[in-house]
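# An overview of the molecular structure
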Amino acid sequence: MSAPVFLQRARVPVAGLVRSATTRATPPTLSRLRVAVAALFALDGFVMGSWAARVPDVSAGLGAGHAALGGALLCLSLGALACMQVTGALCSRVGAGLVASVAAVLVCATTVLPGLAGSMPALCAALLVFGGATGMLNVAANSIGVQVEARAGRPLLSGMHAAFSLGGLGGALAGALASAVLGVAVHLVVVAAACLLLTAWAAPALVGGDTEAPSPARRTATTRAGRPTAVLVVLGVIAGCTAFGEGGVTDWAALYLREDLAAGPALAAAGYAGFSLAMACGRLAGDRLVRRLGERQVLVGGALLAAAGGSAAVLTSSLPVALAGFVLVGLGLANVFPLSIARAGALGGAGGVALSTTIGYTGLLGGPPLIGFLAAHAGLAVALGVVAVLAVLVAGLVLTLQDDGLRLPVLPSVLLPSSLLGTSALTATSAGMSRLVTGARGSTGTYVRDLRLLAVS
């Protein structure tokens, strides 16, 4: 499908302007860029954790039931999904770093809106705009994260997602403390101000990382015949089922602990805090686990662990057992999403990331409202039990994927031009990268072919 007329007209001058600006600036070092991207993920997590901690207060302040709150969260999902499609096109035209910086500013500006809502229609409108900004940031952050991983030539995305989880933990803890002394609106204004300062620090490195304007050949390289679309869709579904669980725990765990297990505000917030801490620890260890056990074992084992934890959390009447269950969910789901997106990037380049991320975030953003509607009819415990069911589905889907050479990073064309990619060079490159992944079986022929398809002349 061709781009809209206004995008076609703006493409050349905008791309030229960004190219001129980024080439004049000194490109950041890999370590500086990596830290800036990790800060971007942490910012996203801190905002979402802060919002998650105040969802019960927003619901109580408006007198919203489960179904009404689920409808409001659906508006957040719709806004995010709409902006995700536009974000992919913008990243390919003007650079993921610039788009990520702008998205971070928009997230800071819209974070305060839900706290200012005085009615359900106003909350729906606020979450629609807030969701659009977060959706834009999610896609842009993952896009530039995959680029950094490719530039480094080794797995890094799990560690970047760990920054998101640590940010979510910090946001949840800050929200729990703020709930005792600050109103929702004042709290979210403070969050927005802190995140804006972080954005100002990270933006120069993010924009400076866009040192090469994407060419038409780069934009279309992964859409040629031969892109493993079916595998990318399966990876997206795996990411989506995982993200469903993450979104469900983020937005509903605190309310479940309050209403079903009579937890106080601090202990209710501790449910999400423990989940985020466990997810952060799992992601920090994720790259080492992949090297030691293999990617398939990490994915299947994690999914089954999450299923056990989710079942324990909703089948018990004990608050400590429920809190421990959410911790197991965090540990189990920690690496499934980043590994799925990273593998999609290796198989399909930027187009693969866009496809799988969009499908994946459908689960993250669509899960909470669906849980809300289920909770209104069957109760929160039954609704959150879907998290465990989908974790089992993830384990089954992973077993359907080919297991030879699970994840190989795609080297950028600036480092490995296609004119140099003869058969022997491709074989040597693939063999060198295969040493990054253990637990891989079979030949590297499939991934040699993928590298040839993804090479940009």
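Residues numbered from 1 in each chain as written. Predicted model: local features only at pLDDT ≥ 70, side-chain atom pairs only at ≥ 80, totals over all residues. Heavy atoms only, no water.

## Section: the packing of helix H10 (residues 229-259) against helix H17 (residues 386-400)
Contact geometry for H10 and H17: axes closest at 9 Å, N-to-C directions at 160 degrees. It follows that H10 is roughly antiparallel to H17 by the angle criterion. At the point where H10 passes H17, the crossing takes the left-handed sense. In contact with Val 234, Val 237, Ile 238, Cys 241, Thr 242, Phe 244 and Gly 245 of H10, H17 contributes Val 386, Val 387, Leu 390, Leu 393, Val 394, Leu 397, Val 398 and Thr 400. (Axes fitted to C-alpha atoms, helices over the stretch in contact; angles between N-to-C directions. Helix = DSSP H or I, 4+ residues; strand = E, 2+ residues; numbered from the N terminus. Parallel < 35°, antiparallel > 145°, perpendicular 65-115°, else oblique. Left-handed = near helix turned anticlockwise from the far one by under 90°. Contact = heavy atoms within 4.5 Å.)

## Some points on the packing of H10 against helix H14 (residues 319-333)
In helix packing, the relevant descriptors are the interaxial angle and the interaxial distance, both defined with respect to the helix axes. Where H10 meets H14, the closest approach of the two axes is 11 Å, and the angle between their N-to-C directions is 160 degrees. On the basis of the axis angle, H10 is roughly antiparallel to H14. H14 is crossed by H10, and the crossing has left-handed handedness. Residues Thr 242, Gly 245, Glu 246, Val 249, Ala 253, Tyr 256 and Leu 257 of H10 lie in contact with H14, whose contacting residues are Leu 319, Ala 322, Leu 323, Phe 326, Val 329 and Leu 333. Looking at the contact of H10 with H14, its residues break down into ten nonpolar, two polar and one charged. (Nonpolar A, V, L, I, M, F, W, Y, C, P; charged D, E, K, R; others polar.)

## Side note on the nonpolar core
Grouped together as the largest cluster of nonpolar side chains are 113 residues, with contacts concentrated most on Trp 51 and Leu 257. With 14 residues, H10 is the largest single contributor of residues to this core. Residues contacting Leu 257, with those up to four places away along its chain left out, are Ala 262, Ala 263, Leu 267, Ala 268, Gly 271, Leu 319, Ala 322, Leu 323 and Phe 326. (Core = buried A, V, L, I, M, F, W, Y, C linked by side-chain atoms within 4.5 Å. Buried < 20%, exposed > 50% of the residue type's maximum accessible area, 1.4 Å probe, protein only.)

## Focus on the packing of aromatic side chains
This structure, assessed with the given rule, holds one aromatic pair. Here the guanidinium or amino end of Arg 32 rests over the ring plane of Trp 201, the centre of that ring lying 4.4 Å away. (Phe/Tyr/Trp six-rings, centres within 6.5 Å; stacked < 30°, edge-to-face > 60°. Lys NZ or Arg CZ within 6 Å of the ring centre and 35° of its normal.)

## Re a nonpolar patch on the surface
A cluster of nonpolar side chains, Leu 74, Leu 78, Leu 128, Val 129 and Phe 373, forms an exposed patch at the surface whose accessible area comes to about 410 Å². When contributions to the nonpolar patch are tallied by element, the ones reaching two or more residues are helix H3 (66-94) and helix H6 (120-152). Tracing the sequence through the fold places Leu 78 in helix H3. (Patch = residues over 30% accessible without salt bridge, like charges linked within 9 Å, V, L, I, M, F, W, Y side chains within 5 Å. Areas by Shrake-Rupley, 256 points an atom, 1.4 Å probe, with all protein chains shown as cover. Salt bridge = Lys/Arg side-chain N within 4 Å of Asp/Glu carboxyl O.)

## Observations concerning helix H4 (residues 96-110)
Residue pairs spaced three or four apart in an α-helix point in one direction, given the helix's 3.6 residues per turn. Its 15 residues give H4 an end-to-end C-alpha distance of 21 Å, which sits within 8% of 21 Å, the value for a rise of 1.5 Å per residue. For H4, the full list of buried residues reads Ala 96, Gly 97, Val 99, Ala 100, Ser 101, Ala 103, Ala 104, Val 107, Cys 108 and Thr 110. (Expected span 1.5 Å × (residues − 1).)

## Describing the confidence of the model for the protein
For residues with low pLDDT, the predicted coordinates do not support detailed interpretation. Looking at the protein, the pLDDT average stands at 75 and 76% of residues meet or exceed 70. Low confidence marks residues 404-457, where pLDDT is under 50. Its contacts with residues over four positions away, or in another chain, come to 93 contacts. (pLDDT = per-residue confidence, 0-100.)

## Description of the pattern of salt bridges
A complete count under the given rule lists three salt bridges for this structure. Ionic pairing is found between Arg 54 and Asp 57, a salt bridge with its closest N-O pair at 2.9 Å. In this pair, Arg 54 and Asp 57 are both assigned in helix H2 (residues 30-62), three residues apart and thus about one turn of the helix distant. In this structure Arg 54 comes out as buried when scored by relative accessible area, which is 3%. Among the charged side chains, a network of salt bridges with common partners joins Arg 54, Asp 57 and Arg 258.

## Notes on the side chain of Thr 134
By the secondary structure assignment, Thr 134 is in helix H6. Judged by its relative accessible area of 2%, Thr 134 falls in the buried class. Residues in contact with Thr 134, not counting those within four places in the same chain, are Met 48 and Val 107.

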